[in-house]
Amino acid sequence: MKIAILGGDGFCGWPTTLHLSEAGHEVHIIDNLSRRWIDTELGVQSLTPMDSIQERCRIWREVTGRTIHFHLLDLATDYERLKGWLADHRPDAIVHLAEQRAAPYSMKTDRHKVYTVRNNTGATHNLLAALVETGIDAHLVHLGTMGVYGYSSIGAPIPEGYLDVEIDTPTGKKTQEILYPTRPGSVYHMTKSLDQIMFQFYAQNDGLRITDLHQGIVWGTHTAQTQRHDQLVNRFDYDGDYGTVLNRFLIQAAIGHPLTVHGTGGQTRAFIHIRDSVRCIELALSDAPRAGDRVRIFNQMTETHRVGDLARLVAGLTGAKVANLPNPRKEAAENDLIVKNDQFLALGLEPTTLADGLLEEVVDVARRFAHRIDRSRVPAVSAWTKELGAQVERDPE
Ligand code: USQ
């Protein structure tokens with residue numbers, strides 16, 4: 001297939017690009033390199049030294065003989081060029097990862113909220129409108145988030161996207177299938193909830209073929225392809241805005257920083273290793289919906305864990321200390337989480353779990369590049385409200 005990977009320079013996008021290229025697809029990255037600009041804005045860098053996207057593609061060609069095409073394009077602001085690109089290249093499938101993906105960054109200031117909404121919803125809607133206008137029948141696979149469901153369930157398993165509800169009508173009880181009601185916990189998660197509505201509309205109105213992947217928190221950094229050469233290494237975020245919880249704990253352990261548990265650590269979240277993330281995208285591509293089908297929704301996660309349990313696990317593995325800090329986020333202090341992921345298992349996903357020994361791999365990467373870590377950027381300081389911000393400032397560690 002000819003596949004466009006929007007956001008192919010990012011943490012999930014780069015390993016996905018390599019994976020699909022190795023599988024024999026013609027792969028085109030479309031990216032505005034905004035993630036690199038945000039590093040510059042924040043004054044932090046990936047733990048792993050990253051080459052330019054052009055250099056990464058050159059190395060891939062040297063190592064494998066395969067070509068990855070790169071196109072510098074801003075989906076949210078350059079609609080006409082996006083439309084022109086689609087009309088010229090007519091991809092068979094599009095993987096859409098081109099969104100600002102950090103919840104803390106999206107809550108940093110009003111400017112960051114505005115940027116995240118404009119960038120994410122603008123990119124998604126431009127893409128949908130351009131697909132309709134150019135008449136391209138590409139299968140669109142979007143990376144969504146488990147966070148659209150929220151974390152206040154009544155203990156029932158979270159289904160894959162849809163919920164049957166029973167409604168009283170004048171002629172008796174009727175059952176209707178609805179999109180699972182969204183309850184996003186940040187402006188970033190809110191944009192993914194808005195994406196869902198746009199997908200529902202365009203699938204129903206224009207017959208676009210769309211798959212939405214509600215992904216959990218990704219951990220790990222290497223895939224088989226990124227390990228083929230030092231310069232193909234994936235990016236790895238450790239800072240308080242972009243680092244995700246398990247990777248952060250592993251890095252903190254490697255540099256002797258106390259593990260930064262927000263509050264009691266009773267938050268339960270869904271997790272997936274980066275290797276399974278790229279495999280799931282490939283599986284989703286292999287099983288496209290037909291025109292007229294509802295949006296296909298998969299829960300892209302393999303296990304659930306309580307944040308405090310993860311901290312204890314990492315502490316047991318490495319001897320790190322655990323610090324319970326004031327929580328900068330407005331979120332439930334404790335929650336249970338049961339998630340259905342039957343569809344990916346049925347398609348053949350063999351989950352990589354915490355028990356598979358890959359935690360050590362992350363600690364090893366962190367130790368190797370420990371000299372690149374700025375300890376002052378480890379604490380999470382972006383707060384969900386001004387009051388929480390004041391509390392975090394009073395008692396940062
Ligand atoms: N947390 C800590 N200590 C830390 C960092 C986080 O206790 O040092 C806690 C947070 O308070 C939260 C949980 O760990 O309760 C998860 O935080 P996170 O930063 O690992 O994940 P989140 O902000 O939800 O976002 C990440 C990705 C996002 C993706 C999402 C999937 O950045 O792109 O959509 O995970 S999910 O969480 O399932 O919505």
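In the nomenclature of an unreviewed UniProt entry, the protein chain corresponds to UDP-glucose 4-epimerase from the organism Jannaschia rubra. The protein chain has a UniProt comment under Sequence similarities (unreviewed entry) that states "Belongs to the NAD(P)-dependent epimerase/dehydratase family."

K.L.:
Which residues make up the overall build of the protein chain, and what values go with them?
P.N.:
Counting its regular elements, the protein chain contains 13 helices and 14 strands. Taken over the C-alpha trace, the protein chain has a radius of gyration of 21 Å; the compact-globule value for 397 residues is 21 Å, and the two agree within 12%. The buried share among the 397 residues of the protein chain stands at 47%. In the protein chain, of all internal contacts separated by at least 6 residues, the share reaching a separation of at least 24 is 82%.

K.L.:
How would you summarise the site of the ligand if you had to cite specific residues and measurements?
P.N.:
As a matter of local geometry, the ligand sits amid 22 residues, with Thr-145, Met-146, Gly-147, Val-245 and His-262 nearest to it. Of all the secondary-structure elements, those providing two or more residues to the shell around the ligand are helix 8 (245-254), strand 10 (259-262) and strand 11 (268-273). Looking at the shell around the ligand, the element that brings in the most residues is strand 10, giving three residues. When its residues are assigned to classes, the shell around the ligand shows nine nonpolar, eight polar and five charged.

K.L.:
Describe the sheet that holds strand 2 (residues 26-31), naming the residues involved and giving the relevant values.
P.N.:
Backbone hydrogen bonds hold the strands of a sheet together, and the pairing may be parallel or antiparallel. Within the open sheet, the seven strands sit side by side as 3-2-1-4-5-8-12. Their pairing is parallel. Looking at strand neighbours, the two that pair on one side only are strand 3 (68-72) and strand 12 (296-300), the edges of this open sheet. Neighbour-to-neighbour, the strand axes of this sheet turn through a mean angle of 20°, independent of strand direction. The pairing of strand 2 with strand 3 spans five bridges and is parallel. Bridging from a neighbouring strand, Ile-30 pairs with His-71 of strand 3. Here helix 3 (residues 53-64) sits on the sheet and contacts strand 2 and strand 3; the angle it forms with strand 3, its principal contact strand, is near 170°. Running at roughly 150° to strand 5 (residues 139-145), helix 7 (residues 187-206) makes contact with strand 5 and strand 8 (209-215) of the sheet.

K.L.:
For the sheet that holds strand 13 (residues 303-306), give the residues involved together with the corresponding values.
P.N.:
One open sheet accounts for three strands, arranged 9-11-13; its pairing is mixed. Only two strands of the sheet have a single neighbouring strand rather than two, namely strand 9 (217-219) and strand 13. Within this sheet the neighbouring strands show an average axis-to-axis angle of 45°, counted without direction. Here four bridges tie strand 11 to strand 13, and the two strands are oriented antiparallel to one another. Within strand 13, the residue paired with Ala-270 across the bridge is Thr-304.

K.L.:
Describe the nonpolar core, with residues and values.
P.N.:
Counting 88 residues, the largest nonpolar core has Leu-6, Val-95, Val-141, Phe-249, Leu-250 and Val-314 as the members making the most contacts within it. By residue number, the principal contributor to this core is helix 8, which donates seven residues. Discounting chain neighbours no more than four positions away, the residues touching Val-95 are Ile-3, Ile-5, Leu-6, Thr-16, Val-141 and Ile-281. Grouped together as the second largest cluster of nonpolar side chains are eight residues, Tyr-105, Tyr-188, Met-190 and Tyr-242 included.

K.L.:
Now, about unusual backbone geometry: what can you tell me, with residues and values included?
P.N.:
The phi torsion at Leu-33 lies on the positive side, around 60°, for a residue other than glycine. Within the secondary structure layout, Leu-33 lies in the loop between strand 2 and helix 2 (34-42). You can call Leu-33 partly exposed: it has 14 C-beta atoms within 10 Å.

K.L.:
Give a description of helix 1 (residues 13-22) that names residues and reports values.
P.N.:
Most of helix 1 is tucked away: nine of the ten residues are buried. All buried positions along helix 1 are accounted for by Gly-13, Trp-14, Pro-15, Thr-16, Thr-17, Leu-18, His-19, Leu-20 and Ser-21. At the C-terminal side of helix 1, Gly-24 shows a positive phi close to 105°.

K.L.:
Requested: an account of the environment of Ala-380, with residues and values cited.
P.N.:
As for its position among the elements, Ala-380 is in the loop between helix 12 (359-368) and helix 13 (386-394). When the 21 C-beta atoms within 10 Å are taken as the criterion, Ala-380 is described as buried. Separated by 53 residues in sequence, Ala-380 and Asn-327 have C-alpha atoms that sit 9.0 Å apart. Not counting residues up to four positions away in its chain, the partners in contact with Ala-380 are Pro-104, Gly-240, Thr-260 and Pro-328.

K.L.:
Please give an account of the packing of helix 8 against helix 12 that cites residues and values.
P.N.:
Closest axis-to-axis distance for the helix 8/helix 12 pair is 8 Å, and the angle between their directions is 55°. The angle between the axes of helix 8 and helix 12 places the two elements in the oblique class. The crossing of helix 8 and helix 12 is right-handed. Contact with helix 8, carried on its side by Asn-247, Leu-250, Ile-251, Ala-253 and Ala-254, involves Leu-359, Val-362, Val-363, Ala-366 and Arg-367 of helix 12 and no other residues of that element. When grouped by side-chain class, the residues that make up the contact of helix 8 with helix 12 number eight nonpolar, one polar and one charged.

K.L.:
Mind laying out the packing of helix 1 against helix 9 (residues 274-286), listing which residues take part and the relevant values?
P.N.:
Packing of helix 1 against helix 9 leaves a shortest axis separation of 9 Å and a crossing angle of 55°. Between helix 1 and helix 9, the angle falls in the class oblique. Crossing geometry of helix 1 relative to helix 9 is assigned as right-handed. Only Ile-274, Val-278, Ile-281 and Glu-282 of helix 9 make contact with helix 1, whose side of the interface consists of Pro-15, Thr-16, His-19 and Leu-20.

K.L.:
Please give an account of the environment of Ala-291 that cites residues and values.
P.N.:
Among the secondary structure elements, Ala-291 is positioned in the loop between helix 9 and strand 12. Residues Ala-291 and Gln-204, 87 residues apart in the sequence, show an inter-C-alpha distance of 9.1 Å. Not counting chain neighbours up to four residues away, the residues in contact with Ala-291 comprise Gly-207 and Arg-209.

Here is what the cut-offs are and how they apply
Residues numbered from 1 in each chain as written. Predicted model: local features only at pLDDT ≥ 70, side-chain atom pairs only at ≥ 80, totals over all residues. UniProt positions renumbered as here; feature names shortened; annotations may be inferred. Helix = DSSP H or I, 4+ residues; strand = E, 2+ residues; numbered from the N terminus. Rg over C-alpha atoms; globule rule 2.2 N^0.38 Å. Buried ≥ 20, exposed ≤ 12 C-beta atoms within 10 Å, placed from the backbone. Contact = placed C-beta atoms within 7 Å. Near = placed C-beta within 6 Å. Nonpolar A, V, L, I, M, F, W, Y, C, P; charged D, E, K, R; others polar. Pairing = 2+ DSSP bridges. Axes fitted to C-alpha atoms, helices over the stretch in contact; angles between N-to-C directions. Core = buried A, V, L, I, M, F, W, Y, C linked by C-beta atoms within 7 Å. Parallel < 35°, antiparallel > 145°, perpendicular 65-115°, else oblique. Left-handed = near helix turned anticlockwise from the far one by under 90°.

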